[in-house]
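Structural overview
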Amino acid sequence: MMQAQTVGAAENHELNRQIESIRVLDCGQAEQHAEHRYGSRLPKLWWVFFGRQWVSLPVQCFLIAHRDGLLLFDTGIDPAIISEKRYIKQAVGRFLLPRIFRFHLTEIHRIDHVLERAGIPASDIRKAVISHLHFDHAGGIARLPQADLLVSEREWKILSSPHPEHEWILREHLEIPSAKWQQISFGPTDDPLFEEFDGIYDVAGDSSMILLPTPGHTPGSMSLLIRQEGWDPVLLVGDLTYETGLLEQDIVPGIGDKKTLLATFAKIRRLRQLLPDLTIVASHDFAAEEAISRSTKLDKNP
Ligand SMILES: [Zn+2]
């Protein structure tokens, strides 16, 4: 009898389990100016040319094993950005890039190779959420021709502006024939958890992965809230902040729209009041992997 009950409970737990794991994928490293990461009162062009303090950052994306299939949150950077002279079409971009970032990348950091090392063929990825269209987040889309690429409508609109490359959004690597782009719009919800946000998008239709508009770094940036029974909820925020602690202290980075960033920070802090165990994970934070493994440790062992 006891045994039967235990089995029943285990089965129920299995039934409720939509998400098996969240893995952090290492897509290379780079360096950026301290003023870029931690903010500065100096004008951007000053620190781009005269900043002398460089800090390391990881380029990471996230692999979520949902029962409907594998989902990526961002796709990393294409190492061709350093090996191919004309990866960036515009001369101004080619001139500025090494003054903003120093990259430490090799071929192993291309998303299909990164996945292969993790034991997963790139063709197994069903969906990829692109938090925003910067080259270090959308850089792997050419290697994922079978995946639906989810981008916010607002972010996609930037491509129709005269010079998206001024925002480091490289049209030539985004508007490619193989890419299955799917623009998403956020819909209303009566869930009080999300009342601060301008709508939500339920990725799998089971509330386990909710996309939220979190503008500031770019106008159409979005974050992914992952909830699974037995885990602490995890919020992947992309580049809204470079480190969780900075968001907590209201420290905005040296780029992006300051006012919008602060407004979004406040929304996220409010979300954390409602979900006290919420773990906030930034894409370029070295602490991401540890934070995720802490949050997703199964606590229930019947
Ligand atoms: Zn980034």
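Residues numbered from 1 in each chain as written. Predicted model: local features only at pLDDT ≥ 70, side-chain atom pairs only at ≥ 80, totals over all residues. Heavy atoms only, no water.

1. Describing the overall build of the protein
Cut-off, in case you're wondering: Secondary structure elements follow DSSP: runs of H or I no shorter than four residues count as helices, runs of E no shorter than two count as strands, and numbering proceeds from the N terminus. In this setup the radius of gyration rests on C-alpha atoms only. A globule is expected at 2.2 Å times the number of residues raised to 0.38. Contacts are residue-level and defined by heavy atoms, with any inter-residue pair within 4.5 Å sufficient. Only the protein chains shown count as cover for residues, and the accessible areas themselves come from Shrake-Rupley with a 1.4 Å probe.
A tally of regular secondary structure across the protein gives 11 helices and 12 strands. Relative to the 2.2 N^0.38 estimate, which gives 19 Å for 302 residues, the radius of gyration of the protein is 19 Å and therefore close to what a compact globule would have. With the C-alpha coordinates of the protein rotated into their principal frame, the extents come out at 75 × 40 × 35 Å. Residue pairs in contact within the protein that sit at least 24 positions apart in sequence constitute 69% of those at least 6 positions apart. Accessible surface, the protein: about 14400 Å² in total, of which carbon and sulfur atoms supply 51%.

2. Section: the environment of Glu172
For clarity, the cut-off: Polar contact criterion, stated in full: a pair of N or O atoms within 3.5 Å, where within protein one must be able to donate a hydrogen and the other to accept it, and residues adjacent in sequence count only if both atoms are side-chain atoms.
Structurally, Glu172 can be placed in helix H8 (residues 171–174). The spacing of Glu172 and Glu31 is 141 residues in sequence and 25 Å in space, taken between C-alpha atoms. Ignoring anything within four residues of it in the chain, the contact list for Glu172 reads Tyr87, Ile88, Lys89 and Gln90. A polar atom in the side chain of Glu172 sits 3.3 Å from the backbone nitrogen of Lys89.

3. Considerations on the pattern of salt bridges
We count it as follows: Basic side-chain nitrogens of Lys or Arg form a salt bridge, by our definition, when they fall within 4 Å of a carboxyl oxygen of Asp or Glu. For every residue, the accessible area obtained with a 1.4 Å probe (protein chains only) is divided by the maximum for its type, and the residue is called buried under 20%, exposed over 50%, and partly exposed between those limits.
This structure, assessed with the given rule, holds 10 salt bridges. Put simply, Glu243 and Arg37 hold a salt bridge, and the shortest N to O gap is 2.8 Å. In this pair, Glu243 is assigned in the loop between strand E11 (234–236) and helix H9 (244–248) and Arg37 in helix H2 (residues 34–38), connecting sequence segments 206 residues apart. When its relative accessible area of 3% is taken as the criterion, Arg37 is described as buried. When the shortest N-O distance is used, the salt bridge between Arg110 and Glu107 registers 3.6 Å. Taking the relative accessible area as the measure of exposure, Arg110 reaches 17% and is therefore buried. Here the salt bridges do not stand alone but share partners, grouping Glu107, Arg110 and Asp112 into one network.

4. Considerations on helix H10 (residues 258–274)
Spacing of three or four residues puts side chains on the same side of an α-helix, whose turn is 3.6 residues. Stated formally: Multiplying 1.5 Å by the helix residue count minus one yields the expected span of that helix.
Under the 1.5 Å per step criterion, the end-to-end length of H10 is 25 Å for 17 residues, consistent within 8% with the ideal 24 Å. Where the residues of H10 are buried, they touch strand E9 (209–213), E11, H9 and strand E12 (279–281).

5. Comments concerning the coordination of the zinc ion
Spelled out, the test is: As a rule, N, O and S atoms within 2.8 Å of a metal are its donors, except that Na, K and Ca use 3.2 Å; water is not among the atoms, so sites may look incomplete. Under this scheme a four-donor centre is tetrahedral when all angles range from 85 to 135 degrees, a four-donor centre is square planar and a six-donor centre octahedral when opposite donors are above 155 degrees with the rest from 65 to 115, and any other centre is irregular.
Coordination of the zinc ion by the protein is provided by Asp136 (OD), His137 (NE2), Asp239 (OD) and His284 (NE2), with metal-donor distances spanning 2.0 to 2.2 Å. Between the four donor atoms coordinating the zinc ion, the angles at the centre fall across 85 to 165°, so the site counts as irregular. All donors of the zinc ion come from a single chain, and their spacing in sequence reads D-H-x101-D-x44-H. One end of the pair, His137, is in the loop between strand E5 (125–129) and strand E6 (148–152); the other, Asp239, is in the loop between E11 and H9, and 102 residues separate them in sequence.

6. Some remarks on the packing of aromatic side chains
Applied cut-off: Centres within 6.5 Å make a pair out of two Phe, Tyr or Trp rings, where for Trp the six-membered ring is used; the pair is then stacked when the planes are under 30 degrees apart, edge-to-face when over 60, and tilted otherwise. Think of it as a cone above the ring: NZ of Lys or CZ of Arg counts as a charge over the ring if it is within 6 Å of the ring centre and within 35 degrees of the ring normal.
Evaluated as defined, the whole model comprises eight aromatic pairs. Between Phe101 and Phe135 the ring centres are 6.2 Å apart and the planes differ by 90°, which places this aromatic pair in the edge-to-face class. Note that Phe101 is positioned in strand E4 (residues 101–104) and Phe135 in the loop between E5 and E6, a separation of 34 residues in sequence. Its relative accessible area of 6% is what places Phe135 among the buried residues. Summarising the aromatic geometry, the rings of Phe103 and Phe135 are spaced 6.2 Å apart at their centres and angled 80° between planes, so their arrangement reads as edge-to-face. Here the residue Phe103 occupies a position in strand E4, and Phe135 occupies one in the loop between E5 and E6, the gap between them amounting to 32 residues. Through pairs of rings, three or more aromatic residues link up here, namely Phe101, Phe103, Phe135 and Trp168. Positioned over the ring face of Phe95 is Arg99, at 3.9 Å from the centre of the ring.

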